[in-house]
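# Observations on chain architecture
The primary structure of each chain is shown beneath.
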Amino acid sequence: MTTAEARKTWTPNERRSVAAAAARASIALRERSGREVPQWIRDAAEGRPTTPPAEQS
């Protein structure tokens, strides 16, 4: 890519589909290793809007 070429801008739908794909991959990895899958990750994989839980200290 040269500096004269325009960069592709992401639409909200593209962002959601990438996030859903990442969530599905995360689910597969967690299930394969026998770890629990949080509900918010399952929601993200299905394309539902979600906010991850706050970090616990």
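Below, the structure is looked at part by part. (Residues numbered from 1 in each chain as written. Predicted model: local features only at pLDDT ≥ 70, side-chain atom pairs only at ≥ 80, totals over all residues. Heavy atoms only, no water.)

### Re the pattern of salt bridges
In this structure the tally under the stated criterion is 3 salt bridges. Arg 42 is the salt-bridge partner of Glu 31, the closest N and O atoms lying 3.3 Å from each other. A residue pair is termed long-range when its members are at least 10 positions apart, and Glu 31 in helix H1 (residues 12–32) and Arg 42 in helix H2 (residues 39–45) qualify at 11 residues. You can call Glu 31 partly exposed: its relative accessible area is 45%. Two residues, Glu 46 and Arg 48, come together in a salt bridge whose shortest N-O distance is 2.6 Å. (Salt bridge = Lys/Arg side-chain N within 4 Å of Asp/Glu carboxyl O. Helix = DSSP H or I, 4+ residues; strand = E, 2+ residues; numbered from the N terminus. Buried < 20%, exposed > 50% of the residue type's maximum accessible area, 1.4 Å probe, protein only.)

### A short note on the nonpolar core
Judged by nonpolar contacts, Ala 23, Ile 27, Val 37, Ile 41, Ala 44 and Ala 45 together constitute the single largest core of 6 residues. Elements represented by at least two residues in this core include exactly H1 and H2. With 3 residues, H2 is the largest single contributor of residues to this core. Ignoring any residue separated from it by four or fewer positions in sequence, one finds Ala 44 in contact with Ala 20, Ala 23 and Thr 50. (Core = buried A, V, L, I, M, F, W, Y, C linked by side-chain atoms within 4.5 Å. Contact = heavy atoms within 4.5 Å.)

### Here's the deal with the side chain of Asp 43
As for its position among the elements, Asp 43 is in helix H2. There is a polar contact of 2.4 Å between the side chain of Asp 43 and the side chain of Arg 48. Each residue touching Asp 43, except ones within four places of it in the same chain, is listed here: Arg 48 and Thr 50. (Polar contact = N/O pair within 3.5 Å; in protein donor to acceptor, adjacent residues only side chain to side chain.)

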